[in-house]
Amino acid sequence: MENKTEAKSEEDGIDKELFQKIAKEHGTPVFIIDHEKIRQNYREFKEHLPTVQAYFAVKANSNPEIVKTMYKMGASFDVASFPEFMLVYENIKHLPEKEKQDFIWDKIIYANTIKPKDTLELLNPYKPLVTYDNMEEIKKIKNHCPNAGLVLRVRVQNTGSMVELSSKFGAHPGEAVDLIEEAFKAGLVVEGISFHVGSQCTNFNNYVQALNLAASLFKEAESRGHKLQILDIGGGFPVKYNPHVKSFKTLAKKINSEIKQLFPPDVQVIAEPGRFMVANACTVVAKVVGKSVRDGKTCYYLNDGVYHTFSGQVFDHCTYPIKAFKEGEKKISATFGPTCDAFDTISLSDELPELEIDDLVYAENIGAYSIASATYFNGFPPAKVVHINQ
Ligand SMILES: *Cc1c(COP(=O)(O)O)cnc(C)c1O
């Protein structure tokens, strides 16, 4: 019995006593961010991809304390809006003016290929590094942000990734080098090439193919007189949501050997991991606020749901199994969020012991694309955030 309980808590990977205490102290729903786990993820990334600078994709979880922790570890940042840019810039504000200007490309890439004119104007004084993937963007950048350095994003295979991005972003490989030439003709400078293999990419071949494509574009650009400096391998690094996901170490080995083989040693390689840094670092604790039996199945109504922390079930195509702190024989139950919409269904098949009103439940690995897209729908605010191991 003793052994069994231990194995279980290890598998769950959270300090159950502490998390229940936090829920009592702060109320529910409460979103708990473990900063030690974020630091571990960053260290793991750097251990296996030592020559790649990690630009944390802020959109995965833009909590300012996460940005601070990542900054202290030495991370750089991928931002996709002016508010995200400023959120990161706050952290480098204290640097001397001169150093800041040299520094900014090392610390921030603006990796949204589509930028409104007014955003470009706001960005221009910072001499930002920005991505683009079309002709209209070259014209806008030339007119509204001529101080920018450019990175061309190309379309690559997203096969098998949980979230597909290639239908919206990336220049067709056949147009890529023309778009690089057009930018130079406009008086701008293209620094490199980027791609994104799709989020939660478990098909490692996507990276191999994308790196080969990027290498051939580097060569073609050089043959036309444009030597590129930056290779941006994007995000997509998979999280072990389940045991079937192959290890990051295996992927990193592949990436390292491809890069070594395909690119000259002086190319600066950067990546934009989002999910990888935060997914397993956060847990949400919610409360059972209602209970019924419908068609023979026990239904629990929680005070967090699909319009809130569980929004990743919609936007991120992810699922977060609900677990109980209570022990007991489990049966298939339904879990719903608090709003008046039937769409607010977390799961029709969670395995839960018999629960009562006011019992606490939790969901792990819910740090990426979750609270970031929570709404205020129906008057229910997003979960309160609590930090541990900061
Ligand atoms: C969302 C996004 C990322 C982060 O992707 P993950 O799959 O979370 O690592 C990186 N780069 C760009 C351009 C993105 O849009």
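Everything numeric here is computed off the predicted structure, so don't read it as measured data.

K.L.:
Please give an account of the site of the ligand that cites residues and values.
P.N.:
Around the ligand, the structure places 14 residues, and the nearest of them are Lys59, Ser199, Glu272, Arg275 and Tyr369. A distance of 3.0 Å is found between an oxygen atom of the ligand and a side-chain nitrogen or oxygen belonging to histidine 196. Separating a nitrogen atom of the ligand from a side-chain N or O atom of glutamate 272 is a distance of 2.5 Å. Considering the ligand on its own, with 380 Å² of exposed area, one finds that the protein chains cover 93% of that surface. In this structure, the ligand is accommodated by the largest pocket. Per-class residue counts for the shell around the ligand are four nonpolar, five polar and five charged.

K.L.:
Go over the nonpolar core with me, naming the residues and quoting the values.
P.N.:
The biggest cluster of nonpolar side chains holds 104 residues, and the ones touching the most others in it are Phe45, Tyr132, Phe195, Leu231, Ile233, Phe237 and Phe263. Looking at this core element by element, the count peaks at nine residues for helix H10 (residues 205-223). When near neighbours in sequence (up to four residues on either side) are disregarded, phenylalanine 45 contacts Val52, Ala54, Phe237, Phe248, Ala271, Pro273, Phe276 and Met277. Val30, Val285, Phe325 and Ile388 belong to the second-largest nonpolar core, a separate cluster that totals twelve residues.

K.L.:
Quick rundown of H10? Include the residues and the values.
P.N.:
For H10, spanning 19 residues, the distance from its first C-alpha to its last is 27 Å, which sits close to the expected 27 Å at 1.5 Å a residue. Turning to H10, the residues buried within the fold contact helix H9 (173-185), strand E7 (189-194), strand E8 (230-232) and helix H11 (248-262).

K.L.:
With reference to specific residues and values, describe the domain arrangement of the protein.
P.N.:
Looking at the protein, the domain boundaries give domain 1 (2-33 + 280-388) and domain 2 (36-278). Look at where the C-alpha atoms of domain 1 and domain 2 centre, and you get two points 33 Å apart. Each side of the interface is counted separately: domain 1 has 17 residues, and domain 2 has 16 residues. Carbon and sulfur atoms supply 53% of the area that domain 1 and domain 2 bury against each other, a total of about 1500 Å² over both sides. Applying the counting rule to domain 1 against domain 2 returns one salt bridge. For aspartate 316, the salt bridge goes to arginine 275, with nearest N and O atoms at 2.7 Å. Linking domain 1 to domain 2 there are six residue pairs in polar contact (both at pLDDT 80 or more).

K.L.:
Go over the layout of surface pockets, please, and point to the residues and values.
P.N.:
Put simply, the largest pocket is a space of about 670 Å³. If you go around the largest pocket, you meet 29 residues; those closest to its centre are Lys59, Ala80, Leu165, Phe169 and Tyr369. Grouping the amino acids of the lining of the largest pocket by side-chain chemistry returns twelve nonpolar, nine polar and eight charged. In this structure, the lining of the largest pocket is formed jointly by two domains, domain 1 (2-33 + 280-388) and domain 2 (36-278), each of which donates at least three residues.

K.L.:
Go over the environment of glutamate 175, please, and point to the residues and values.
P.N.:
Turning to its location among the elements, glutamate 175 is positioned in helix H9. Of the residues examined, glutamate 175 reaches a relative accessible area of 44% and is grouped as partly exposed.

K.L.:
An account of the packing of aromatic side chains is needed here, citing residue identities and associated values.
P.N.:
One pass over the structure, following the stated rule, counts 17 aromatic pairs. Taking the centre distance of 5.5 Å and the plane angle of 25° together, the rings of phenylalanine 45 and phenylalanine 248 count as stacked. With phenylalanine 45 in helix H3 (residues 35-48) and phenylalanine 248 in helix H11, the pair connects residues that are 203 residues apart, well separated along the chain. Consider the rings of tyrosine 89 and tyrosine 126, whose centres lie 4.7 Å apart with planes at 70°: the pair is edge-to-face. Of this pair, tyrosine 89 sits in helix H5 (residues 82-92) while tyrosine 126 sits in the loop between helix H7 (117-123) and strand E5 (129-132), and the two are 37 residues apart along the sequence. The same class applies to tyrosine 89 and to tyrosine 126, which are both buried.

K.L.:
Just give me the short version of the environment of serine 166, but keep the residues and values in it.
P.N.:
In this fold, serine 166 is placed in the loop between strand E6 (149-153) and H9. The spatial distance from the C-alpha of serine 166 to the C-alpha of valine 156 is 6.6 Å, given a sequence separation of ten residues. Non-local contacts of serine 166, meaning those with residues more than four positions away in its chain, are made with Arg155, Val156 and Asn158.

K.L.:
Tell me about a nonpolar patch on the surface, and please be specific about residues and values.
P.N.:
On the surface, Val314, Phe315 and Phe343 cluster together into a nonpolar patch covering about 300 Å² of accessible area. Within the secondary structure, phenylalanine 315 sits in helix H13 (residues 312-315).

K.L.:
So, the packing of helix H4 (residues 64-73) against H5: which residues are in play, and what are the values?
P.N.:
Packing of H4 against H5 brings their axes to within 10 Å, and their N-to-C directions diverge by 45°. Relative to H5, the element H4 lies oblique. Of the two possible hands of crossing, H4 and H5 adopt the one that is right-handed. Residues Pro64, Val67, Lys68 and Tyr71 of H4 lie in contact with H5, whose contacting residues are Leu87, Val88, Asn91 and Ile92. Looking at the contact of H4 with H5 residue by residue, the class counts come to six nonpolar, one polar and one charged.

K.L.:
So what's going on with the pattern of salt bridges? Residues and values would help.
P.N.:
It is possible for side chains bearing opposite charge to pair when their charged atoms get close. Within this structure, the stated rule accounts for 17 salt bridges. Linking arginine 224 and glutamate 220 is a salt bridge whose minimum nitrogen-to-oxygen distance equals 3.1 Å. Using a relative accessible area of 31% as the deciding quantity, one classes arginine 224 as partly exposed. For glutamate 220, a relative accessible area of 36% corresponds to the partly exposed category. Taken together, the salt bridges that share partners define one network made up of Asp178, Glu181, Glu220 and Arg224.

What counts and what doesn't
- Residues numbered from 1 in each chain as written.
- Predicted model: local features only at pLDDT ≥ 70, side-chain atom pairs only at ≥ 80, totals over all residues.
- Heavy atoms only, no water.
- Near = heavy atom within 4 Å.
- Polar contact = N/O pair within 3.5 Å; in protein donor to acceptor, adjacent residues only side chain to side chain.
- Areas by Shrake-Rupley, 256 points an atom, 1.4 Å probe, with all protein chains shown as cover.
- 1 Å grid on protein atoms, 1.4 Å probe; cavity = no way out; pocket = protein on both sides within 12 Å on 5 of 7 lines; lining within 4 Å.
- Sits in = over half its atoms within 2 Å of the grid points.
- Nonpolar A, V, L, I, M, F, W, Y, C, P; charged D, E, K, R; others polar.
- Core = buried A, V, L, I, M, F, W, Y, C linked by side-chain atoms within 4.5 Å.
- Buried < 20%, exposed > 50% of the residue type's maximum accessible area, 1.4 Å probe, protein only.
- Helix = DSSP H or I, 4+ residues; strand = E, 2+ residues; numbered from the N terminus.
- Contact = heavy atoms within 4.5 Å.
- Expected span 1.5 Å × (residues − 1).
- Domains from an automatic or database assignment.
- Buried area = accessible area lost by both parts, 1.4 Å probe.
- Salt bridge = Lys/Arg side-chain N within 4 Å of Asp/Glu carboxyl O.
- Points joined across faces, edges and corners; volume = space filled by probe spheres on them.
- Phe/Tyr/Trp six-rings, centres within 6.5 Å; stacked < 30°, edge-to-face > 60°.
- Patch = residues over 30% accessible without salt bridge, like charges linked within 9 Å, V, L, I, M, F, W, Y side chains within 5 Å.
- Axes fitted to C-alpha atoms, helices over the stretch in contact; angles between N-to-C directions.
- Parallel < 35°, antiparallel > 145°, perpendicular 65-115°, else oblique.
- Left-handed = near helix turned anticlockwise from the far one by under 90°.

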